[in-house]
Amino acid sequence: MAELIVTSNPYPDLLSAFVCNYFFLYDGSKVRGESDQTREGICYFYPEETPLDRQELLCGQLAGAGRCVSELSSSPVRILNLHRNRFAIRMEDDLLWALGCSVEVPTVSVCELLDQLINLFCFYNGSVRHSYQLNSQETLASRWAQYLSHLQSGSSELQHIFSCLKTIDSTNVDPLLLLKAALILQACQRCPLVLAGCILFRGRVVSTQMSPQLTMKVMVHESGTYTKPQRPNGQSSSFGSAVSSTAVFLTPSELQYLQSTPVDKDFSSHSTPHKNTPLKKTRLSRTLSDTLSSTESEPSDPGSSQSPQKLLSPHLSESSVYSSDPSQSTPNPPPPQPPEPPLSNGKHSPVEESLEESYYHSFHSNGEGGSQIDNGGDSSAFGENSHLYGGGVDGACGEEFNFRVAEESHDNKVSEEVSGRGCGRVQGHEVERPDPPRSDAFEHPGESPLIPMTLYLHRVKGLVLALLVEPHFLSDKASMEEVYHSSLASLNGLEAHLRSVSPGVPGAPGPYIFAHFDCIQSTLTSNLSGRPGGAPERPFVRATSLLHSHFCNTETLQEAIIRSAGAAVYGTRSVAQETYFQQHGGSLRNSGIPNHQDSAFSLPGKARHRLLKHGVNLL
Amino acid sequence: MKCLLISSQSAEVLFHWTDPEFYQNVQAQYGASQEDGHGLPAFEDSISTLFAPIIISCITMVDRLGDSYTSFTTENNHIYVLHQFDECLYIAVNGDGEEGEGDLRRKIYVMKKMIEVMFGMVTLSSNLLKRELRPQDTEQRARLWEYLQSLLETYSHLRENDQSFLVEAVERLIHPTLCEQCIEFLERRLVQQLNSSVERAGEEVLHAFILVHTKLLAFYSSRNASTLSTSDLLSLIIMSQNMYPSNTDQDDPNPEDIESTSGSGPESFYTPEPSPTNMDSRSSDMPVRESTPLFEFVDPDVQMAEDSLHTLEVPLPDPSTPRRVFLEVSLKDGLFPMMPHSMYCLPLWPGITLVLLTKIPTSAVAMSVYTFLEAFAKLEKRLNEGQEGPAATRGQPTIHDIRSKLDKFIKALGASEIQSAQLQNVWTDFKNRIGRGGPGFNRELIRSCKNMKTQLCGVYRQCFLIESGTADSPRRLSPGLQERAQTMVQDKLMDWKDFLLCIDLDPVNLTYLEDFPGLIHFICVDRSTGQMIAPSLNITERNVSELGKGPLAQFIKSKVWSLVSTTRRYLQKGYSTVTLRDGDFYFCYFLWFENETGYKLEAGDIPVLADDSAPIGMLAWDYYRKLLRYYSKNHQGEVVKCYELLTVHLGVIPTEVILQHCRQLASKLWEPSRNPLL
């Protein structure tokens, strides 16, 4: 007779459970024939040191059984459980991803982890199948490994459970600093080529304009560069090391979301060369008072106030050029931006012309800049991120951007503009941007087309300004310079302030533990110390994990109290938040029989009372 | 979209059950892949082909990785649960969202339990079990599978509609006077009379009980009988419900479907007058198999006396033929699982059934077989763990202990009609081998152990699974005697019958709506005795419960059902108190321990179990028995009892009031006056 199988530790370490045991990408299309070996289909396997026959076993069996189940149910397999491993599965066409964790990890979390991983890959590399056509398996293997290690790195158990953003501890930071960060971002956004941005400090979010999912993706690159040893001459005065960029890819819905966010472009400066207005380098670098003053000055210039809207449309067609499939790009450009009715005063046409020219020229100069950097052999720091997309267009992407070079070329550009040398925009594109070999990238119906964008990073020591920009932002010297110079001072100031903020006192373990998850912003507030081996906290984390799964699966569930021998935990949620609370001390001795004097049932009241001072309102 | 499949490791279908939707789905898939119109293959072949890759992959994973699939979930929420018992792989599928992973796993375990009740220790030998489950004779196979399918359907129906099968505890009718009278009647009149009759053919009635639908009206066990476990009792209720379904929870009972309701008066439920001709015709109905060798033995391990391999006869639905059931027996000298009994299910009126359980004369053989099997299994385990042969044989119980017993046993078998020559050979071989030693000794001895186990299971099978006795003198209570028993109880209950059936007693005589304003429903379970109390939750037109009828009651019912599965999930992870605010309702769950005098013991650690562990319940695997044993370790010398309470309240009621209600219910429900003793 089977006995109760009692796990030796009733509260196994969830953090160690969150470690990914297996991850692989398997391409079934390469293993079709009788003679094809399973190993030919293995695109990536983690841990990489796994013996090949074991890799083959897992890939072959999971793919085979998964396909069989999918056929029986006419639907792809999502979760596959073994006795000791829980696999989240994604099947698309012939590709199969599987990510295996210990069965301790809740199903929702494993699935989330896999989705994050795949989305990260696509964000930095574009479509998976296409990436594998362009790059060697080894190159991409190192990327999978990088993303995987990022997703697993140093987070606390709670952060894994909620898959939340790591944010700075806002309770320790002067709210004015957060406001300042937000203003910097808003100021940058005035450049129409900038879609949205975020500011990170030592791997934590200070302020973001992007969705939590997108912010998370951006953070990977940041942490990747942050952890790399800084070069000795990497002072902020040297533009070269402070600014970098990389090609990224947005899904149509992400782009739509970014573009639908109302941006007060009326305050926008002229990001592109504007003949009417002299360039002001300090333009974007403003405090609140600057903004106010600009409000007064700007509307007087109709050209500038109109330009952002105007500017968008060429950019849109630009991005549709990038999107591979001509049939998709021309009839429905991905961003559903309603076309602006043409202005009758004709003022816009010189603007557009100049824009077109500037694209052409800036592209030119950009290419030069890139090649010069290459010649300089100075690109080692981000070398592995270069050529992400392989196409000539993006030659500069992922390279460090040398501002001095850009400035030099800027002069040329201006002179060329003055000389009025016109060049057909379309022709220019054809010449300069031979169709990159991506026409087959989206041939699979399962994959939605991804829109190339650029991630621009400006680092000031531990602080990073990350902006999602239109790809030709890099070639637009003026815009870039403006964004750079206008934000530099503010960033320096912000960095200095943030650096001086003393890390929050870890605090003596209080009489209670709580965790508050903001589902909208995907942020977590908790008084749980991140210290390892917090054994007394384990029952809380465990209960939280169970309750979170329950909340995810039961829409109508509002609150719950659960009690084991070790702990009574209260959980409550609304549309926007989930809160978990455990009171320490008190008599845990109870008979388990219903008793209204039982301390477990006073948890909701205590939580309401205690959490007010943490800014959590449960009323 | 439901399916349950039992397969051998070579992807041979040992049993399958599908609902019409799944059936059509399989046919459609197979039809599409069929090229030119050779017609659809047999369903069994289609399903085997479709599942084969999963089954083979499963086996490969176990062999090469030591780990295997427990479940799959697809994006459209189809769930596949897999579990391997020995060499039989069970796969349960749901594609309509009505069952969760836990439900499917439970279904698998229940199926296995039913197979154990039907085949006893034969289930301990995979080779023999595979043959039992898949008789060569297609007609016989169809009949067996049909029977198993109907059992499974009966179980599923009960689990979805009957609270006692939801929480897996026996529900009693609460009418102390009547219950006491009935118990006394069963003891003084019925069982005494049956056991003193010469027509009992050596059988002895051990337990007798009366069921009103699935609820127990009275239960009597004779003095020398061991306690009937809750798990077994629930299984027997499933079997009796399968034979005589009550139609209380069917909105539109179709009398044609249900034999027991086809007539209007009680007389139509009498057992048909038995006669020799009846018996003759019955035996001639059965294909004569004695002369035909049914199996080819390629594996020398399972070589047995071929003549002995009659396949199990599936009894025809002749009510006077008892069903052979294998139940757990606990005696002074230990716990003996799967001991043979005969089960007589005698319908009194539609919905009311008398069940008799008898001990069969040869049951001592089963005990010996079990002792031997246990000894060989333990030896094999020690050998597998790498102990050297001589050391391994010194464990408890030692082979030397059983040596002489086994010698005697085989000798006695030789004198009976049981074929035991093969057992004799294997045993001689084993004795020779164990004296030797040398390289490969362990491996050979393990092989020998396996051989012995197979042979012992074979003997057990001959003794208890094959219709014993001759047609002239069947070993069972004579039909006349059965009929007398039936009449006696009918006479006794005649005056009560309408009362029992009409009110279908709301078992709880509490006017709980008045006593507990805001309380909608509750279930209270005594896990030490495996009994539950709950207001009835009938949702059909005819039965109007206090909740009213129709959609509201149906909604409450679905809430209660999901509450039970939720709290099980938390219990599995070590949480014994759960309260939930869900929509407009407030749910509570409590599990606690008391000693015999009702003193509430301190809540202790509840073991944390894996997701794919055996289901929490009492039917297929008695979780609570294990829990009590685990908890009692710290309460030596004390009788520990375990209780559970689930409540559903309106969400607007203040929590303090809800908790007070719970407390009152917990203390009130098990007051001795309300709880008639057995």
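Under an unreviewed UniProt entry, chain B has the name Hermansky-Pudlak syndrome 1 protein and belongs to Pogonophryne albipinna.

For chain A, the name recorded in an unreviewed UniProt entry is Hermansky-Pudlak syndrome 4 protein, with Pogonophryne albipinna as its organism.

Caption draft 1: Geometry of the side chain of Arg 568 of chain B. Residues and elements named next belong to chain B. As for its placement among the helices and strands, Arg 568 is situated in helix H17 (residues 551–572). Here Arg 568 occupies a buried position and makes no salt bridge, while the nearest side chain of opposite charge, Glu 168, is found at 4.9 Å. Here the side chain of Arg 568 touches Leu 166 through a polar contact of 2.6 Å, landing on its backbone oxygen. From its side chain, Arg 568 meets the backbone oxygen of Ile 616 in a polar contact 3.2 Å long. Those residues within four positions of Arg 568 in sequence are excluded, and the remaining contacts are Arg 106, Leu 166, Val 167, Glu 168 and Ile 616.

Caption draft 2: Region of the structure containing the environment of Glu 559 of chain A. One can find Glu 559 of chain A in strand E13 (residues 557–564). Note on Glu 559 of chain A: relative accessible area 13%, which makes it buried. In this structure, the C-alpha to C-alpha distance between Glu 559 of chain A and Pro 604 of chain A, residues 45 residues apart in sequence, is 9.0 Å. Glu 559 of chain A has contacts with Phe 551, Tyr 570, Gly 571 and Thr 572 of chain A together with Thr 579, Leu 580, Arg 581 and Tyr 586 of chain B, leaving out every residue within four places of it along the chain. A distance of 2.7 Å separates polar atoms of two side chains, one belonging to Glu 559 of chain A and the other to Tyr 570 of chain A.

Caption draft 3: Inspection of unusual backbone geometry at higher detail. Residues and elements named next belong to chain A. The linkage connecting Tyr 46 with the following residue, Pro 47, adopts the cis geometry, with an omega of 0°. The residue Pro 47 is located in the loop between strand E2 (42–46) and helix H3 (52–73) in this model. At Asp 93, a residue that is not glycine, the phi angle is positive and equals roughly 50°. Mapped onto the fold, Asp 93 is located in the loop between strand E4 (85–92) and strand E5 (95–102). Judged by relative accessible area, Asp 93 falls into the partly exposed class, the value being 41%. In the Ramachandran plot, Lys 461 falls in the positive-phi region, its phi being about 50° despite a non-glycine side chain. The topology assignment puts Lys 461 in the loop between strand E9 (451–460) and strand E10 (463–469).

Caption draft 4: Representation of the sheet that holds strand E9 (residues 323–331) of chain B. Residue and element names in this part refer to chain B. Strand order across the open sheet formed by 5 strands is E8-E7-E11-E10-E9, with antiparallel pairing between neighbours. Every interior strand has two partners, whereas the edge strands, strand E8 (215–221) and E9, have only one. Mean inter-strand twist for the sheet, computed between neighbouring axes without regard to direction, equals 30°. Here helix H8 (residues 230–243) sits on the sheet in contact with strand E7 (204–212), E8, E9, strand E10 (334–349) and strand E11 (352–359), set at roughly 165° to E9.

Caption draft 5: How the structure looks around the interface of chain B and chain A. Counting residues at the interface gives 70 residues for chain B, matched by 61 residues for chain A. Note on chain B versus chain A: buried area summed over both sides is about 6000 Å², and carbon and sulfur give 58% of it. In this structure, the connection of chain B to chain A is made through 2 salt bridges. Listed by contribution, the elements that provide at least two residues to the side of chain B that touches chain A are helix H1 (20–33), helix H2 (43–65), strand E3 (69–74), H17, strand E14 (575–582), strand E15 (585–595), helix H18 (623–632) and helix H19 (655–668) of chain B. Of the residues in the side of chain B that touches chain A, the class split is 31 nonpolar, 20 polar and 19 charged. Judged from the 7 bridges that link them, E13 of chain A and E14 of chain B form a sheet pairing that is antiparallel. Counterpart to Leu 557 of chain A in the pairing with E14 of chain B is Asp 582 of chain B.

Caption draft 6: Broad picture of H18 of chain B. Residues and elements named next belong to chain B. Turning to H18, its buried residues number three or more, namely Tyr 623, Tyr 624, Lys 626, Leu 627, Leu 628 and Tyr 631. Buried residues in H18 make contact with H17, E15 and strand E16 (640–650). Of the residues that open H18, the one with a side-chain oxygen 3.2 Å from the backbone nitrogen of Tyr 624 is Asp 622.

Caption draft 7: How the structure looks around the pattern of salt bridges. Here the structure, examined in full by the defined rule, presents 45 salt bridges over all chains. Measuring nitrogen to oxygen at the nearest pair gives 3.0 Å for the salt bridge that ties Arg 39 of chain A to Glu 56 of chain A. Remark: Glu 56 of chain A occurs in helix H3 and Arg 39 of chain A occurs in helix H2 (residues 38–41); sequence separation between them is 17 residues. Residue class for Arg 39 of chain A comes out partly exposed when judged on its relative accessible area of 36%. When the shortest N-O distance is used, the salt bridge between Asp 611 of chain B and Arg 569 of chain B registers 3.4 Å. In this pair, Asp 611 of chain B sits in the loop between E15 and H18 while Arg 569 of chain B sits in helix H17, placing the two residues 42 residues apart along the sequence. Among the residues examined, Asp 611 of chain B registers a relative accessible area of 23% and is labelled partly exposed. Salt bridges sharing partners connect three or more residues here, namely Arg 78, Arg 90, Glu 92 and Asp 115 of chain A.

Caption draft 8: Just the packing of helix H10 (residues 363–384) of chain B against helix H12 (residues 399–415) of chain B, in detail. All names here are of chain B. Running from N to C, H10 and H12 point in directions that differ by 140°, and their axes come no closer than 11 Å. The chirality of how H10 crosses H12 is left-handed. Between H10 and H12, the residues in contact are Val 365, Ser 368, Val 369, Phe 372, Ala 375, Phe 376 and Leu 379 and Ile 399, Ile 402, Lys 405, Leu 406 and Phe 409, respectively. Residues that form the contact of H10 with H12 fall into these classes: 10 nonpolar, 1 polar and 1 charged.

Caption draft 9: Structural context of the packing of aromatic side chains. Counted under the stated rule, the structure contains 39 aromatic pairs over all chains. Arranged with centres 6.1 Å apart and planes meeting at 55°, the rings of Phe 551 of chain A and Tyr 580 of chain A form a pair that is tilted. On the criterion of sequence distance, the pair formed by Phe 551 of chain A in helix H19 (residues 538–553) and Tyr 580 of chain A in strand E15 (residues 577–583) is long-range, its members being 29 residues apart. Judged by relative accessible area, Phe 551 of chain A falls into the buried class, the value being 1%. Between Phe 555 of chain B and Phe 585 of chain B the ring centres are 5.8 Å apart and the planes differ by 45°, which places this aromatic pair in the tilted class. In this pair, Phe 555 of chain B is assigned in helix H17 and Phe 585 of chain B in strand E15, connecting sequence segments 30 residues apart.

Caption draft 10: How the structure looks around the pairing of E11 of chain B. Residues and elements named next belong to chain B. Burial analysis of E11 places 7 of its 8 residues in the buried class, which makes it a mostly covered element. One ladder, built from 8 bridges, connects E7 with E11; its direction is antiparallel. Each bridged residue has a counterpart across the sheet, and for Glu 204 the counterpart in E11 is Lys 359. Relative to E11, E10 is paired through 8 bridges, and the arrangement is antiparallel. Paired with His 341 across the two strands is Lys 359, which belongs to E11. Counting the residues that bridge the hairpin from E10 to E11 gives 2 residues, and of these Gly 351 lies at a positive phi of roughly 95°.

Caption draft 11: Region of the structure containing the confidence of the model for chain B. All names here are of chain B. Confidence along chain B averages 82 in pLDDT terms, with 79% of residues attaining 70 or more. pLDDT under 50 marks residues 249–315. Its contacts with residues more than four places away, or in other chains, come to 110 contacts. Within the model, pLDDT remains below 50 along residues 539–544, and this stretch shows 18 contacts once partners closer than five positions in the same chain are excluded. Quick note on the complex model: pTM equals 0.80, ipTM equals 0.84.

Caption draft 12: Representation of the environment of Leu 151 of chain A. Residues and elements named next belong to chain A. As for its position among the elements, Leu 151 is in helix H6 (residues 137–152). Taking the relative accessible area as the measure of exposure, Leu 151 reaches 13% and is therefore buried. Distance in space between the C-alpha atoms of Leu 151 and Ser 599 is 38 Å, their sequence separation being 448 residues. In this structure, Leu 151 is in contact with Leu 113, Gln 116, Leu 117, Leu 120 and His 160, ignoring residues within four places of it in sequence.

Caption draft 13: Representation of the packing of H3 of chain A against H2 of chain B. Where H3 of chain A contacts H2 of chain B, the axes come no closer than 9 Å and their chain directions differ by 155°. Considered as vectors, H3 of chain A and H2 of chain B are oriented roughly antiparallel to each other. With respect to the hand of their crossing, H3 of chain A and H2 of chain B are arranged in left-handed fashion. Mapping the contact onto sequence places Asp 53, Arg 54, Leu 57, Leu 58, Gln 61, Leu 62, Ala 65, Cys 68, Val 69 and Leu 72 of chain A in H3 of chain A and Leu 50, Phe 51, Pro 53, Ile 54, Ser 57, Thr 60, Met 61, Arg 64 and Leu 65 of chain B in H2 of chain B. Residue composition of the contact of H3 of chain A with H2 of chain B, grouped by class: 13 nonpolar, 3 polar and 3 charged.

Caption draft 14: Representation of the UniProt feature "domain: CCZ1/INTU/HSP4 first Longin" (unreviewed entry) in chain A. The UniProt record marks residues 21–126 of chain A with the feature "domain: CCZ1/INTU/HSP4 first Longin" (unreviewed entry), using the residue numbering of this structure. Taken end to end, residues 21–126 of chain A is 42% helix and 31% strand, and its two terminal C-alpha atoms sit 26 Å from one another.

Reading guide: rules and limits
- Residues numbered from 1 in each chain as written.
- Chains lettered and ligands numbered in written order.
- Predicted model: local features only at pLDDT ≥ 70, side-chain atom pairs only at ≥ 80, totals over all residues.
- Heavy atoms only, no water.
- Helix = DSSP H or I, 4+ residues; strand = E, 2+ residues; numbered from the N terminus.
- Buried < 20%, exposed > 50% of the residue type's maximum accessible area, 1.4 Å probe, protein only.
- Lys, Arg positive; Asp, Glu negative; His and termini not counted.
- Salt bridge = Lys/Arg side-chain N within 4 Å of Asp/Glu carboxyl O.
- Polar contact = N/O pair within 3.5 Å; in protein donor to acceptor, adjacent residues only side chain to side chain.
- Contact = heavy atoms within 4.5 Å.
- Pairing = 2+ DSSP bridges.
- Axes fitted to C-alpha atoms, helices over the stretch in contact; angles between N-to-C directions.
- Buried area = accessible area lost by both parts, 1.4 Å probe.
- Nonpolar A, V, L, I, M, F, W, Y, C, P; charged D, E, K, R; others polar.
- Left-handed = near helix turned anticlockwise from the far one by under 90°.
- Phe/Tyr/Trp six-rings, centres within 6.5 Å; stacked < 30°, edge-to-face > 60°.
- pLDDT = per-residue confidence, 0-100.
- Parallel < 35°, antiparallel > 145°, perpendicular 65-115°, else oblique.
- UniProt positions renumbered as here; feature names shortened; annotations may be inferred.

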